[in-house]
2 protein chains.
Amino acid sequence: MKLLEERIRKDGIVKPGNVLKVDSFLNHQMDVELFNEMGKEFKRLFGDRPINKILTIEASGIGIACVVAQHFQVPVVFAKKAKSINLDGEMYTTKIESFTHKKVYDVIVAKKFLNKEDHVLIIDDFLANGCAVAGLIDLIQSAGATVEGVGIAIEKGFQQGGDIIRGKGIRVESLAIVESMDDETGTLSFREQ
Amino acid sequence: MKLLEERIRKDGIVKPGNVLKVDSFLNHQMDVELFNEMGKEFKRLFGDRPINKILTIEASGIGIACVVAQHFQVPVVFAKKAKSINLDGEMYTTKIESFTHKKVYDVIVAKKFLNKEDHVLIIDDFLANGCAVAGLIDLIQSAGATVEGVGIAIEKGFQQGGDIIRGKGIRVESLAIVESMDDETGTLSFREQ
């Protein structure tokens, strides 16, 4: 998606350690007009799928997911990072490793919001090592629901997450795929799509 | 807002300890069409104010804030619950006490996303004791920015938060104000607005 690639070139900041800061428009300050254009694009890409629900994970996926959901006219469910696991059986749980925070989170969704009739589109801001998306897929499959696809704003194409998720036979559409980054020159290149 | 009051009566669950569960449409599963109607109403209520930014707090405020922001055509900034305080001076910080989780959070906003030219509308899902909103006001005032108002989905009118914030001379508009709840009958009453 050219609009997103141009925005990343303009406002993204390449930092050492393959860190791409996009906090001025994607995941701290959020440009909802850009999110709306992203929603149109995801609708174009996944419009052939019988999606009735969008699943994301707190916190930075929520804003994108809610604006995208308006184009599908479906509700959003966000998986929560649990403070303490509720053992009463009302939750689906999985573990997600965060490389940014060097921590493993228990992540939960109430069972009543995912069931086997659901056809789910996963939305998130980043796909890098794929841990968050793999955890969301695990939650959906625990419920016996169908993963219709994964819509990502920015994929780090030089990390393994995209290959892993696509290798499971799941359709992944990333609006921008960063092929390489150079923090010395502050430049990056995108995969042709 | 009648639509929200009716939805709370239909799908809200009154629990012991003055807990109102609205996780089927507001803060776990999210009804974005309802959020859109809430956005129209906030625009009607605050349309006379020169708002150029919306501030909310992770996680459950983000979805509402992003959909509401489309009606104001402004960006959203969400305050983050900090894992560790960054002491390099690039953040505004405040402390917010969560009664739900019985914990005090350090909450941060990057300084570059709040400045003295900003006219800010605060959006959140709940107003109860007012700690979260007071913390967001503190962040805005630290930046020398102007608080134009506070837009809340559900206010617990029998708790002190609404009085405290209004007592500071700040305009608070809550789309539904719960006056009382009875967990034995599962019923609640709303303040006439």
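The structure we're discussing is the one just above.
Each chain has its residues counted from 1, following the order in which its sequence is written. Chain letters start at A and ligand numbers start at 1, both assigned in the order the entries are written. Confidence filtering applies because this is a predicted model: local features only for residues at pLDDT of at least 70, side-chain atom pairs given and counted only at 80 or more, and all residues used for totals across whole chains, interfaces and linings.

**Describing the overall build of chain A**
Our working definition: Only DSSP runs of H or I with at least four residues qualify as helices, and only runs of E with at least two residues qualify as strands; both kinds are numbered from the N terminus onward. Each radius of gyration reported is based on C-alpha atoms, and the globular scaling rule is 2.2 Å times the count of residues to the power 0.38. For every residue, the other C-beta atoms within 10 Å of its own C-beta are counted; 20 or more classify it as buried, 12 or fewer as exposed, and values in between as partly exposed. C-beta atoms are placed from the backbone. What counts as a contact is two residues whose backbone-derived C-beta atoms lie within 7 Å of each other.
For chain A, the count of helices and strands is 5 helices and 11 strands. Taken over the C-alpha trace, chain A has a radius of gyration of 16 Å; the compact-globule value for 193 residues is 16 Å, and the two agree within 12%. In terms of principal-axis extent, the alpha carbons of chain A reach across some 50 × 35 × 30 Å. Out of the 193 residues in chain A, the part that is buried amounts to 47%. Long-range contacts, defined as pairs at least 24 residues apart, comprise 61% of the intrachain contacts of chain A with a sequence gap of at least 6.

**Considering the interface of chain A and chain B**
The following threshold applies: Residues are sorted three ways: Asp, Glu, Lys and Arg are charged, Ala, Val, Leu, Ile, Met, Phe, Trp, Tyr, Cys and Pro are nonpolar, and all the rest, Gly among them, are polar. If DSSP finds at least two bridges between two strands, the strands pair.
Taken together, the contact between chain A and chain B spans 24 residues of the former and 24 residues of the latter. The set of elements that each furnish at least two residues to the side of chain A that touches chain B consists of strand 3 (29–30), helix 2 (32–46), helix 3 (60–72) and strand 5 (76–81) of chain A. Among the elements that take part in the side of chain A that touches chain B, helix 3 of chain A stands out by supplying 6 residues, more than any other. In terms of residue class, the side of chain A that touches chain B is built from 14 nonpolar, 6 polar and 4 charged. Two elements, strand 5 of chain A and strand 3 (residues 29–30) of chain B, share 2 bridges in a ladder whose sense is antiparallel. Residue pairing across strands places V76 of chain A opposite M30 of chain B, the latter belonging to strand 3 of chain B.

**As for the relation of the copies chain A and chain B**
Formally: Only residues with pLDDT of at least 70 in both copies count here: their C-alpha atoms drive the least-squares fit that superposes the copies.
Least-squares fitting of chain A to chain B yields an RMSD of 0.0 Å, with the transformation described by 0.0 Å of translation along the axis and a rotation of 180 degrees. Given the turn and translation reported, the copies of this chain are related as if by a two-fold rotation axis. Mapped onto chain B, 100% of the interface residues of chain A are again interface residues, and the two copies thus contact each other with one and the same surface.

**Remarks on the nonpolar core**
Put simply, the rule reads: By convention in this section, buried Ala, Val, Leu, Ile, Met, Phe, Trp, Tyr and Cys residues joined through C-beta atoms within 7 Å make up a nonpolar core.
Core analysis: the largest hydrophobic core is formed by 127 residues, its most contacted members being C66 of chain A together with C66 of chain B. With residues up to four places along the chain from it excluded, the contact list for C66 of chain B reads M30, V32, F35, G63, C66 and V67 of chain A together with V76 of chain B.

**Observations regarding unusual backbone geometry**
Residue and element names in this part refer to chain A. A cis geometry characterises the amide bond from E58 onward to A59, with omega recorded as -5 degrees. Here A59 shows up in the loop between strand 4 (53–57) and helix 3. In the Ramachandran plot, N18 falls in the positive-phi region, its phi being about 60 degrees despite a non-glycine side chain. For N18, the position within the fold is in the loop between strand 1 (13–15) and strand 2 (19–21). The exposure class assigned to N18 is partly exposed, which follows from the 14 C-beta atoms found within 10 Å.

**Things to note about helix 4 (residues 131–142) of chain A**
All names here are of chain A. To keep it simple, the criterion reads: Expected span, for any helix, means 1.5 Å times one less than how many residues it has.
The terminal C-alpha atoms of helix 4 lie 16 Å apart, and with 12 residues this matches the ideal 16 Å at 1.5 Å per residue to within 8%. Of all the positions in helix 4, only A132, V133, G135, L136, I137, L139 and I140 are classed as buried. Downstream of helix 4 by one or two residues, G144 has phi in the positive range, about 75 degrees.

**Quick word on the packing of helix 2 of chain A against helix 3 (residues 60–72) of chain B**
Quick reminder of the rule: Geometry is summarised by axes, namely lines fitted to C-alpha atoms with helices restricted to the contacting stretch, and by angles between N-to-C directions that run from 0 to 180 degrees. The cut-offs work like this: below 35 degrees is roughly parallel, past 145 is roughly antiparallel, 65 to 115 is roughly perpendicular, and the gaps in between are oblique.
It is the contact of helix 2 of chain A with helix 3 of chain B, at a shortest axis distance of 9 Å, that shows an interaxial angle of 100 degrees. In terms of their interaxial angle, helix 2 of chain A and helix 3 of chain B are classed as roughly perpendicular. Taken together, the residues of helix 3 of chain B that come into contact with helix 2 of chain A (itself represented by V32, F35 and N36 of chain A) are C66, A69 and Q70 of chain B. Looking at the contact of helix 2 of chain A with helix 3 of chain B residue by residue, the classes come out as 4 nonpolar, 2 polar and no charged.

**Regarding the pairing of strand 9 (residues 146–156) of chain A**
All names here are of chain A. For strand 9, the tally of buried residues reaches 10 of 11 residues, placing the bulk of the element in the interior. Here strand 8 (residues 119–127) runs beside strand 9; their pairing, made up of 8 bridges, is parallel. Within strand 9, the residue paired with L127 across the bridge is E155. Two elements, strand 9 and strand 10 (residues 172–182), share 6 bridges in a ladder whose sense is parallel. Paired with E155 across the bridge in strand 10 is I177.

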